Amino acid sequence: MNDLNAILEPGMLVRHPDFNDWGVGQVQSNVGGKITVNFREQGKVVIDGTRVSLVPVFDS
């Protein structure tokens, strides 16, 4: 998992770098490199944090 993914906590907002059309997602959990995110347009997705660097969103 990259350093930025390590700081992601439940409630934080993120975007997937490869799927901008999923919209902003809210982190549900971050355990052992598996990050569960509920995206507005895609629903709940489990992300492998060792392969994907999620982008934090500070203004939605």
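Thresholds applied
- Residue indices follow the written sequence of each chain, beginning from 1 at its first position.
- Side-chain atom pairs in this predicted model are given and counted only at pLDDT of 80 or more, local residue features only at pLDDT of at least 70, and totals for whole chains, interfaces and linings cover all residues.
- Values reported for side chains reflect all heavy atoms of the structure, with hydrogen atoms and water molecules removed beforehand.
- Helix numbering and strand numbering both begin at the N terminus, where a helix is a DSSP run of H or I of at least 4 residues and a strand a DSSP run of E of at least 2.
- Note on method: radius of gyration uses C-alpha positions; expected globular size equals 2.2 Å times residues raised to 0.38.
- Categorising residues by exposure relies on relative accessible area from a 1.4 Å probe, with only protein chains included: less than 20% of the type maximum marks a residue as buried, more than 50% marks it as exposed, and the intermediate range marks it as partly exposed.
- The contact criterion used throughout is that any non-hydrogen atoms of two residues lie within 4.5 Å.
- Paired strands, in this sense, are two strands between which DSSP finds at least two bridges.
- In what follows, salt bridge is the name for a side-chain nitrogen of Lys or Arg lying within 4 Å of a carboxyl oxygen of Asp or Glu.

1. A look at the overall build of the chain
In terms of regular secondary structure, the chain is built from one helix and five strands. Sequence-ordered secondary structure for the chain, helices as α and strands as β, is α-β-β-β-β-β. Taking 10 Å as the expected radius of gyration for a compact globule of 60 residues, we find that the chain reaches 10 Å, a close match to that expectation. C-alpha extents for the chain along the principal axes are approximately 25 × 20 × 20 Å. By the burial criterion, 35% of the 60 residues in the chain qualify as buried. A separation threshold of at least 6 residues defines the contact pool for the chain, and within that pool the share at least 24 residues apart is 35%.

2. Quick look at the sheet that holds strand 3 (residues 34-39)
By way of backbone hydrogen bonds, the strands of a sheet pair with one another, either parallel or antiparallel. If you walk across this open sheet you meet the five strands as 4-3-2-1-5, and the pairing is antiparallel. For this open sheet the edge positions go to strand 4 (43-48) and strand 5 (55-56), each flanked by a neighbour on one side alone. One ladder, built from two bridges, connects strand 1 (residues 13-15) with strand 2 (residues 25-31); its direction is antiparallel. The residue of strand 2 that forms the bridge with Leu13 is Gln26.

3. Topic: the pairing of strand 2
In this structure, strand 2 lies alongside strand 3, joined through six bridges in antiparallel fashion. When the sheet's bridge partners are listed, Gln26 is paired in strand 3 with Asn38. Linking strand 2 to strand 3, which pair antiparallel, is a turn of two residues; within it Gly32 sits at a positive phi near 60°.

4. So, the pattern of salt bridges
Tallied over the entire structure, the rule returns one salt bridge. Where Asp48 meets Lys34, a salt bridge forms, and the shortest distance between an N and an O atom there is 3.9 Å. Residue Asp48 is found in strand 4, and its partner Lys34 is found in strand 3; the two are separated by 14 residues along the sequence.

5. Let's talk about the pairing of strand 3
By the bridge criterion, six bridges tie strand 3 to strand 4 in an arrangement that is antiparallel. Bridge pairing in strand 4 links Lys34 to Asp48. In textbook terms, the turn of a hairpin is the stretch between consecutive antiparallel strands, and for strand 3 and strand 4 this stretch comprises three residues.

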